[in-house]
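So you can see what is in the structure, the chains are spelled out below.
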There are 2 protein chains.
Amino acid sequence: MAQDKKKVEQITDMEVDFAKWYTDVCTKAELIDYTSVKGMFILRPYGYAIWENIQQELDSRLKATGHENVSLPMLIPESLLQKEKDHVEGFAPECAWVTCGGSEALEERLCVRPTSETLFCEHYAHIIHSWRDLPKLYNQWCSVLRWEKTTRPFLRHREFLWQEGHTMHATAEEAMEETVRMLEIYADVVENVLAMPVVRGRKTDKEKFSGAECTYTIECMMHDRKALQNGTSHYFGDGFARAFDITFTDQNNRQAYPFQTSWGITTRTIGGIIMTHGDNSGLILPPRIAPVQVVVLPIASHKEGVVEAAQAVEGTLRAAGIRTKCDLSDNSPGWKFAEHEMKGVPLRLELGPRDIEAGRCVLARRDTGEKITTPLTEVVETVKGLLDDIHHSMYARAKRNLEENTYACRTLAEVKEKMEAQGGFAKTMWCGDEACEVRMKEEAGVSSRCIPFAQEDLGDVCAVCGKHAEQMIYWGVAY
Amino acid sequence: MAQDKKKVEQITDMEVDFAKWYTDVCTKAELIDYTSVKGMFILRPYGYAIWENIQQELDSRLKATGHENVSLPMLIPESLLQKEKDHVEGFAPECAWVTCGGSEALEERLCVRPTSETLFCEHYAHIIHSWRDLPKLYNQWCSVLRWEKTTRPFLRHREFLWQEGHTMHATAEEAMEETVRMLEIYADVVENVLAMPVVRGRKTDKEKFSGAECTYTIECMMHDRKALQNGTSHYFGDGFARAFDITFTDQNNRQAYPFQTSWGITTRTIGGIIMTHGDNSGLILPPRIAPVQVVVLPIASHKEGVVEAAQAVEGTLRAAGIRTKCDLSDNSPGWKFAEHEMKGVPLRLELGPRDIEAGRCVLARRDTGEKITTPLTEVVETVKGLLDDIHHSMYARAKRNLEENTYACRTLAEVKEKMEAQGGFAKTMWCGDEACEVRMKEEAGVSSRCIPFAQEDLGDVCAVCGKHAEQMIYWGVAY
């Protein structure tokens, strides 16, 4: 018991030290463990179950839109990685290299994939010949390596789990449509499953993916008002196709290069869930991906019939497709409350002798603490309704945080002042010049988050240089 | 079209060259593609979909028996790998080593995991303290690297996909029970889902897993009468726990070492499916994991109402949970027949104008070629019944191959003679001496497959040395 108690020791208050609060939650909620290799983490069963649920939601949407899963090797020959110049420049500095296989030094060193555009292109060159072979809509679930200097649970691993979609199309228009379609699928999952509102937009050239013509992004705001990039979708034009000599015979019998996209979402999304929804008692999980949606706690479980009644409710909820767990451990009720709060279980169902006699149970919401009494005969409908309501409340709360901390600024000085006071997203007009973007970073300490699809008219003057500007951009401090 | 036709070009007859037939099927059925790294293969959508279906069948069984999925890093520090002496001796010769991260040489080189016992042990040392923490029943779906010299699609990759279960238990008995339980789960999936009969047994000390006290195996017989090891389960005792200093306080408040198991099944199983069931027209897929169970082919599809009727049948079958695809491509019927035969689709449903008029359709079995006419009103029941029947017929056919090519021998000379004439499995008594096992290998060219759980009384004399023998063993030529 003494051992177990550790788990529910007080965690750092988020107001005192948000970063410490965050890592406390990652470890105390048993999402993660550290390893002897810096920046490589273990996803423990509870953390991995969250990822499995996100996978399931996304994978079904990918399949419904015609995408097929494949598996490509994890190693890339250096010469293959070097075929597209911008791409290799972006990734080479953070590659991990295999130089020895068995007892022999390799003739050519192999990079552990940081991303797989080059491998997909090699494969596409083998299998794309005719317009009949297009589009190719492939996706891969795997892990990738990026040898980062600073690492942090979920947010920045040297190895992280993700999916990477790679598609090829007969026309630029089709590829561009795919790029936007996939961003919308990410936005759908993040908003409607994970209860995190997003800002959809395009990255600046400075911030786009190495080798892409353009990158779309969904940006989220965390509880501490910092930004989290949460899913990106890239349009490549035919740049890689030319570099890898991928051609097809079009319907007019002419040789042409296909147009390409790629898009990915990673386990850092779980970090986003923690920092969007959590509180000083720990995690608060969005009901639609919570590994346990309802924890059933028998009260005074030594009394006759209590355990049986609790198990019966568990069975009823499970049969209705609700992920339910009955906690029959010999821990004290107070300890159990704290543990399931720490783990962010959306609903706690309490059932004691008097409840059983009265044919009712008590449901406690993790997000608001509110308690609802419901007849046992209506428990399935009540729980379903509450899980939906919790989702919407969590989304609304996060949306308020986003809206209340997004503000228009006219000048760099104003961005700097408000950012220091409030954090969040500053929106300004921007001339499109990278020099202004760099200056904003240097002087106000913020990076460009995106040029949002939903443009607003904030005038026609760049907040940095004062020259003519036609687009609105978001700035923020990002994870 | 000319391009497409290649797919259904005649493949090599299996009687002429079984190895060539096998690789022809792997590529022509679009299961696999080669890459520029020797021994690393691409699982194409059709090949990967088979693996996803196997995963789903196995994963649900693992969860039903209390196992939890986790994700551990892919890199192992050399010092960690070296902690268990037998283990490192077995794996070091086929490790791939990362020696450089970013632009810097690493202080300690990191092995790309060939298997993850050492990583699990490092983690278990962090999280196992009390008898309350046991058992730990963890599983991981991932890929591993083994730097093999000779490689072959599915059967021997330098990188392959698998699951690896790693469990810790309070007692040796519990761990041993788990070892056997997991072998039985593999046998259940392989026999009842993949329609491949298995021989369950124990590996000899010579053939067991590096670091294990004992290894259980399921052995299958391929169409060419060679053996395929298809899933293994290992009991480690407390050897790794001692090496990694994993201890727990037992219920009597004493410090103790936990007992460990691991078990895995890999994508080589797909190679086994091909070589067990395939024929000279290509793949024959077991219905329970076939990505497409029924392909609907409209005949004379230019005639009014044919396409609509075909799509209606597709919809009916899909609604009943049957994986169905309607082929509306403009390829000729003959070409379509050949393609879906190559891909091993269990049932072909043909529907032409006269069928529609008569309210019927024709179902052709991939395994036997038999054609069945059924009223459209009964198509769901007929298809379900046929898919089940195909499973059982395929199992029975493979079982006959196994039984007809398994025979008892009294002497090494007899093993040699019969093995040269017939191949298959020779069963003999064996004294247990490794010298006899080595001599059998050298003189008869066969390795020990397993000491089967189902022992038979073939006398009490070792077939090699003639000394006293108490156990029966299987010999064969293995992939």
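What you see is a predicted model; the values in this text were computed from it and never measured.

A. Structural detail: the pattern of salt bridges. All names here are of chain A. Throughout the structure, instances matching the rule amount to 63 salt bridges over all chains. One salt bridge connects Lys371 with Glu350, and the closest N-O pair in it is separated by 3.5 Å. With Lys371 in strand E19 (residues 371–375) and Glu350 in strand E17 (residues 347–351), this residue pair connects regions lying 21 residues apart in the sequence. Here Arg365 and Asp367 are joined by a salt bridge, their closest N and O atoms 2.7 Å apart. Residue Arg365 is classed as buried on the basis of its relative accessible area, which comes to 5%. Here the salt bridges share partners, and the residues they tie into one network are Arg365, Asp367, Glu370 and Asp389.

B. Fine view of the interface of chain B and chain A. Taken residue by residue, the interface counts 56 residues in chain B and 57 residues in chain A. Where chain B abuts chain A, roughly 4,700 Å² becomes buried across the two surfaces, and 57% of that area is made up of carbon and sulfur atoms. Put simply, chain B and chain A have four salt bridges between them. Note that B:Asp330 is salt-bridged to A:Arg132, the shortest N-O span being 3.1 Å. Across the contact surface, chain B and chain A share 23 residue pairs in polar contact (both at pLDDT 80 or more). When residues in the side of chain B that touches chain A are grouped by element, the largest group, six residues, is from strand E5 (residues 96–101) of chain B.

C. Spotlight on the environment of A:Gly344. Residues and elements named next belong to chain A. On the secondary structure map, Gly344 appears in the loop between helix H11 (333–342) and E17. For Gly344, a relative accessible area of 0% puts it in the buried group. Placed 28 residues apart in sequence, Gly344 and Thr316 show a C-alpha to C-alpha distance of 22 Å. Contacts of Gly344, omitting those with residues within four sequence positions, involve Leu283, Ile284, Leu285 and Arg366.

D. The sheet that holds strand E7 (residues 136–145) of chain B, seen in detail. All names here are of chain B. Judged by pairing direction, the sheet is mixed, and its eleven strands sit side by side in the order E3-E7-E8-E14-E11-E10-E9-E22-E23-E21-E20 without closing on themselves. Only two strands of the sheet have a single neighbouring strand rather than two, namely strand E3 (68–69) and strand E20 (406–408). Bridge count for strand E21 (residues 425–430) against strand E23 (residues 471–476) is five bridges, and the pairing is antiparallel. Each residue of the ladder has a partner; that of Met429, found in E23, is Met472.

E. Representation of the sheet that holds strand E15 (residues 294–298) of chain B within the structure. All names here are of chain B. Spatial ordering of the open sheet is given by E16-E15-E17-E18-E19, a layout of five strands whose pairing is mixed. The two strands at the open ends of the sheet, each matched to only one other strand, are strand E16 (324–326) and strand E19 (371–375). Taken over all neighbouring pairs, the strand axes of this sheet differ in orientation by 25 degrees on average, direction set aside. Where E15 meets strand E17 (residues 347–351), five bridges bridge the pair, whose relative direction is parallel.

F. Broad picture of unusual backbone geometry. Residues and elements named next belong to chain A. The residue after Leu134, namely Pro135, is reached through a cis peptide bond having omega -5 degrees. Structurally, Pro135 can be placed in the loop between helix H6 (117–127) and strand E7 (136–145). Positive phi values are uncommon outside glycine, yet Phe154 reaches one of about 65 degrees. On the secondary structure map, Phe154 appears in the loop between E7 and strand E8 (159–169). Phi is positive for Asn253, close to 65 degrees, though the residue is something other than glycine. Here Asn253 is to be found in the loop between strand E12 (248–249) and strand E13 (255–256).

How each quantity is defined
Residues numbered from 1 in each chain as written. Chains lettered and ligands numbered in written order. Predicted model: local features only at pLDDT ≥ 70, side-chain atom pairs only at ≥ 80, totals over all residues. Heavy atoms only, no water. Salt bridge = Lys/Arg side-chain N within 4 Å of Asp/Glu carboxyl O. Helix = DSSP H or I, 4+ residues; strand = E, 2+ residues; numbered from the N terminus. Buried < 20%, exposed > 50% of the residue type's maximum accessible area, 1.4 Å probe, protein only. Contact = heavy atoms within 4.5 Å. Buried area = accessible area lost by both parts, 1.4 Å probe. Polar contact = N/O pair within 3.5 Å; in protein donor to acceptor, adjacent residues only side chain to side chain. Pairing = 2+ DSSP bridges. Axes fitted to C-alpha atoms, helices over the stretch in contact; angles between N-to-C directions.

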